Amino acid sequence: MRAEPDDGTEQVTQALRDEPLAVEETQGDWARIRTAYDYPGWIRADALGDEPHGDWPGLPRAGDPVEEARSYLGTVYEWGGMTERGIDCSGLVHMAYRRLGRIVPRDADQQEVAGEQVPEDQLRPGDLVTYGEDEATHIAFWLGDGRILHSTEREDANGVVEEPEPEDLRTRRRRLVRL
């Protein structure tokens, strides 16, 4: 999905197979759509197909979002990505919950707002840590013992990793939240 009806514009997220999409308008070969998790963007109209999609995301099921996120370990970082071919930090959180049948917002700042803030002494594995200055621009799963699970792109790492919380992120912590 693109920010504007042009292949050269920023990918804002990805529409996955069998995902219900509401078409808000069309412009030539493009359709402005909205996802089930209320995310707008543009997609080529011919990519929509003719078949209506079934129920989605299915009934919520028991499971651990951290274990779902771990299934992406080693996946490369891709801005706006939500698949095993490439995923960003908030896409990792979104997809971990989505695989359990739970729709959570797509972007880190939206995920921060959707969660219940928790004090550091009550932080537990699976909670989320947001980072940024004026707003949340990065998000990670808290694993405990100072470790996080996230998708990152930096000089010494590219993709989904489990690691000790890097100091440059620790100094930019915003909130600790529980979904």
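All values derive from a computational prediction rather than experimental measurement.

Student: How should I be thinking about the side chain of Thr 13 in this particular structure?
Tutor: Within the element layout of this structure, Thr 13 appears in the segment before strand S1 (21-27). Judged by its relative accessible area of 0%, Thr 13 is buried. Within polar-contact distance, the side chain of Thr 13 engages the side chain of Tyr 37 at 3.4 Å. There is a polar contact of 2.7 Å between the side chain of Thr 13 and the side chain of Arg 106. In this view, Thr 13 contacts Met 1, Tyr 37, Tyr 39, Gly 80, Met 82 and Arg 106; residues no more than four positions away in its chain are not counted.

Student: Help me understand helix H2 (residues 89-98) in this model?
Tutor: Residue pairs spaced three or four apart in an α-helix point in one direction, given the helix's 3.6 residues per turn. Burial analysis of H2 places ten of its ten residues in the buried class, which makes it a mostly covered element. Considered for burial, the residues of H2 that qualify are Cys 89, Ser 90, Gly 91, Leu 92, Val 93, His 94, Met 95, Ala 96, Tyr 97 and Arg 98.

Student: Teacher, can you tell me more about the pattern of salt bridges here?
Tutor: Side-chain pairs of opposite charge can arise where the charged atoms are in close proximity. For the coordinates displayed, the defined rule picks out 18 salt bridges. In this structure, Glu 112 engages Arg 174 in a salt bridge whose closest nitrogen and oxygen atoms are separated by 3.0 Å. Of this pair, Glu 112 sits in helix H3 (residues 108-114) while Arg 174 sits in strand S11 (residues 173-178), and the two are 62 residues apart along the sequence. Judged by its relative accessible area of 5%, Glu 112 falls in the buried class. Judged by relative accessible area, Arg 174 falls into the partly exposed class, the value being 27%.

Student: Teacher, can you tell me more about the confidence of the model for the chain here?
Tutor: Segments scoring low in pLDDT should not have their predicted coordinates read at a detailed level. Summary statistics for the chain give a mean pLDDT of 91 and a share of 94% for residues scoring 70 or more. This model gives residues 52-57 a pLDDT under 50, and the stretch forms 14 contacts once residues within four places in sequence are excluded.

Student: Would you explain the layout of surface pockets in this entry?
Tutor: Where empty space is left becomes clear once a probe the size of a water molecule has been rolled over the atoms. Roughly 380 Å³ of internal volume is contained in the largest pocket. What lines the largest pocket is a set of 24 residues, and nearest its centre among them are Trp 79, Cys 89, Ala 108, Thr 137 and His 138. Secondary structure elements with two or more residues in the lining of the largest pocket: H2, H3, strand S9 (147-154) and helix H4 (167-170). Here the lining of the largest pocket gets four residues from one element, more than from any other, and that element is S9. Its residues placed into classes, the lining of the largest pocket shows eight nonpolar, six polar and ten charged. Within this model, the second largest pocket holds a volume of roughly 320 Å³.

Conventions adopted
Residues numbered from 1 in each chain as written. Predicted model: local features only at pLDDT ≥ 70, side-chain atom pairs only at ≥ 80, totals over all residues. Heavy atoms only, no water. Helix = DSSP H or I, 4+ residues; strand = E, 2+ residues; numbered from the N terminus. Buried < 20%, exposed > 50% of the residue type's maximum accessible area, 1.4 Å probe, protein only. Polar contact = N/O pair within 3.5 Å; in protein donor to acceptor, adjacent residues only side chain to side chain. Contact = heavy atoms within 4.5 Å. Salt bridge = Lys/Arg side-chain N within 4 Å of Asp/Glu carboxyl O. pLDDT = per-residue confidence, 0-100. 1 Å grid on protein atoms, 1.4 Å probe; cavity = no way out; pocket = protein on both sides within 12 Å on 5 of 7 lines; lining within 4 Å. Points joined across faces, edges and corners; volume = space filled by probe spheres on them. Nonpolar A, V, L, I, M, F, W, Y, C, P; charged D, E, K, R; others polar.

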